[in-house]
Every structure is written in structure tokens, then in C-alpha cells.
Amino acid sequence: MTYTRRNVWLLGATWADPILWYARGVKAMQARALNQLTSWKFFAAIHGLDSGLWQQLGYLSASDPMPSKTVQATYWNQCQHGSWYFLPWHRGYLLAVEAILRAEIVKLGGPADWALPYWNYFKSGENTLPPAFASAAWPDGKDDNPLYIPQRYGPNNDGNVFVPLSQVNERALGDARFIGQSGGGSPGFGGVQTKFSHAGTIHGGIETQPHDWVHGLVGGSDTGSGLPGLMSDPDTAALDPVFWLHHGNIDRLWTVWRLNPASHIDPGVSAWLKGPATGGGRAFTLPKPDGSAWTYTPSQMETLATLGYTYDDLAPPAAAPITRLQQLGFAAAGAPSATGR
Ligand SMILES: [Cu+2]
């Protein structure tokens, strides 16, 4: 079967089934302790853990049971940033959490074809935080909505969470090269060549815009304490349930880029295809629903059909940057001869 990830704004209602089941799945993962491989906090720590910041924000206390050092070294602080591994690593990360959530949902009597919704904040009218995330109230209880996070401050740091359309763009889709130039030049669509890179500084085109920008605009910061919103810092971002809908959109845009046009291709070199482990670096390893380890490589992450899922919309954006640039280019080059004709 093929799972279909759908636009959260087009599910039909604030608490349409896919989002309600998402909340229930999140709640089940949140009920587990930090040292359990399928817990919400364990998964957030896979992206990144800053113990001091987690403590300050109330997500870690001295009584939290810690996994062994070996488990921490295998799984935690793994997210790939400033790297050509940004897209494939995060695709695996989404697949892993989605599999665990789906297993929880099925256990709770939910749909076996559940898939993670995504948030396409580029669509006008859909750039505000989906309402199921915006208030503590939810159908299953009074005020313990698992999708609601108080540490989300928005672009003006006033708690009004939206993505200002003037501050984000999809221009990276027009970059024909996946691999960027580290010495200046284009950062490429997918990022610069690195080894295992947990915190690289040169971000690829799609990683900068919209990825980084949306993180910062949604998370904002607390003007009182000065602490970042969860989404604003990679070491807390995945604690926020909206993280996964944002990354769903980034993941979708990778496929949009590959399809439009078909000449957009992923790196063909083995250092990318086989991942950092072939060069002696850490492998990409994530927990499966049964708690066992799943190790994957970028080459296994390239094609949605192989991975058994798709998106409800893989069309290029209406005002596709590449088309617009091409038109401008043609107009500029063709103008003099057109006038002379
Ligand atoms: Cu992110």
C-alpha cells in the first residue's frame, strides 16, 4: 500500500481524523520516558539535545532516566545540517517517527493507512499555524492538547504564529545543482559536500529557505526570559509537534525539485549515496516501532515509490521560481531582436 501525506489545511476540519490521530499518537509517545527509544523526548534528542536548555524549558529534570552512553552515541545529536545529507537524513527521520506514530494509532484503533500531514505555509490563507496546534483545547480532553506548545512565539515574538509570505520563498527549487559550492557561489539545492555533519555552517538552498526561516519565524523567542521558542533551536525543535509538519513540507519539496524538471538529479557519487558511514563516520540509525535499530543510507531515501509513500501535491508552485526566472531571462535576451523585427 502507498501512504499519502496530505496538506493539513485541506483535511476538511480542524480536528479531521489524520490530525486527531496524530495528536493521539503524539500523546502516546509523550507518555514514555526519555530512555525509551520510541518516546517523544528520545526522538527529539535524536535531532539534538541541549540538556541545559531542556532543563530551563522544563523538558528535562534530574529524575529523568537516561539511556546508556552507547545508546546515546548511536542515536542522539544526529540531525544533519549544513550538509548534502540534510534532505536524506531528515527523510529517514520522518519515516521513523511516522512508523512509530502509525503503530500507536493502530494500537488505539485508528486507521492503518494513517500518514503524517504536512504544512505548506506558502499557500495564502494557509500560512498561519494550523488551528489544532494553536490552543490547549482538543476533542479528547479539556486543556491537554498534545499538539499545543506554549513555547512557540511567532515572527513578532507575541505568540501569534504565522509565516509571513514576504519572508519566505521557494527559489531553491530553481537551482539545477544539488551539490553546493562551499567556497562562495551557489549553496546548491541540497547543500555542500560534508562528512557526518551535525552542525555545519554552510546551509544548502532549501535548508536556508524556507527551512531555516520557517523554524525561526514559528519558534521566535520569549521576550521575557530570552529563551528561544522550541522550533528556533535544533536542540529543541523536534519537541514541537509542528516540527514534523514543517519537515514534511521540506521533504515534499525535495520531490517537487526532482520532478520539475526531471533533469534535477540527486548526487551520483558514492560518498553521498552510501552516507557518512562508508567514510568511517557515524551511520544514520533510528529506532523502529519495536525498538530495534534501522540503519539507512541516502541512496535508499531518494524515491518515494520505493519508500511506499507519496504526497497529495507534487506540482511545482504556481509561480514556480524556475519558470519565472526563465521567462525573465528570455525576455531580457530576446527584447532587442524582438524590437528590431
Ligand atoms: Cu528543521
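So, how was this worked out
Residues numbered from 1 in each chain as written. Predicted model: local features only at pLDDT ≥ 70, side-chain atom pairs only at ≥ 80, totals over all residues. Heavy atoms only, no water. Buried < 20%, exposed > 50% of the residue type's maximum accessible area, 1.4 Å probe, protein only. Helix = DSSP H or I, 4+ residues; strand = E, 2+ residues; numbered from the N terminus. Contact = heavy atoms within 4.5 Å. Axes fitted to C-alpha atoms, helices over the stretch in contact; angles between N-to-C directions. Parallel < 35°, antiparallel > 145°, perpendicular 65-115°, else oblique. Left-handed = near helix turned anticlockwise from the far one by under 90°. Nonpolar A, V, L, I, M, F, W, Y, C, P; charged D, E, K, R; others polar. Pairing = 2+ DSSP bridges. Salt bridge = Lys/Arg side-chain N within 4 Å of Asp/Glu carboxyl O.

**A short note on helix α2 (residues 40–47)**
Okay, step 1: The buried fraction of α2 is high, at seven of eight residues.
Okay, step 2: Residues Trp-40, Phe-42, Phe-43, Ala-44, Ala-45, Ile-46 and His-47 constitute the buried set of α2.
Okay, step 3: Against the buried residues of α2 lie α1 (17–30), α3 (51–57), α4 (69–75), α5 (86–107), α7 (242–259) and β4 (284–287).

**Re the side chain of Asp-240**
Okay, step 1: As for its placement among the helices and strands, Asp-240 is situated in the loop between α6 (205–219) and α7.
Okay, step 2: A relative accessible area of 0% places Asp-240 in the buried class.
Okay, step 3: In this structure Asp-240 touches Trp-40, Ile-149, Arg-152, Leu-230 and Met-231, once residues within four positions along its chain are discounted.

**Remarks on the packing of α5 against α7**
Okay, step 1: Contact pair α5 / α7: the axes reach a minimum separation of 10 Å and the direction vectors enclose 130 degrees. With respect to each other, α5 and α7 are oriented oblique. Like other packed secondary-structure pairs, α5 and α7 cross with a definite hand, here left-handed. Contact residues: Phe-86, Leu-87, Pro-88, His-90, Arg-91, Tyr-93, Leu-94 and Val-97 in α5; Phe-243, Trp-244, His-247, Gly-248, Ile-250, Asp-251, Trp-254 and Thr-255 in α7.
Okay, step 2: Classifying every residue of the contact of α5 with α7 by side-chain character gives 10 nonpolar, four polar and two charged.

**Quick look at the pairing of strand β5 (residues 293–296)**
Okay, step 1: Of the pairings in the sheet, the one linking β4 to β5 comprises four bridges and is antiparallel in character. In the strand pairing of β5, Leu-286 is matched with Trp-294.
Okay, step 2: Connecting β4 to the next strand, β5, in antiparallel fashion are five residues, including Gly-291 with a positive phi near 90 degrees.

**Brief notes about the pattern of salt bridges**
Okay, step 1: The full count for this structure, using the stated rule, is 12 salt bridges.
Okay, step 2: For Lys-107, the salt bridge is made with Glu-104, and the minimal N-O distance between the two is 3.5 Å. Of this pair, Lys-107 and Glu-104 both sit in helix α5, three residues apart, which is roughly one turn of that helix.
Okay, step 3: By relative accessible area, which is 62% here, Lys-107 ends up exposed.
Okay, step 4: In this structure Glu-104 comes out as buried when scored by relative accessible area, which is 8%.
Okay, step 5: A cluster of three or more residues bridged by salt bridges with shared partners is formed by Arg-5, Arg-91, Glu-98, Arg-102 and Asp-251.

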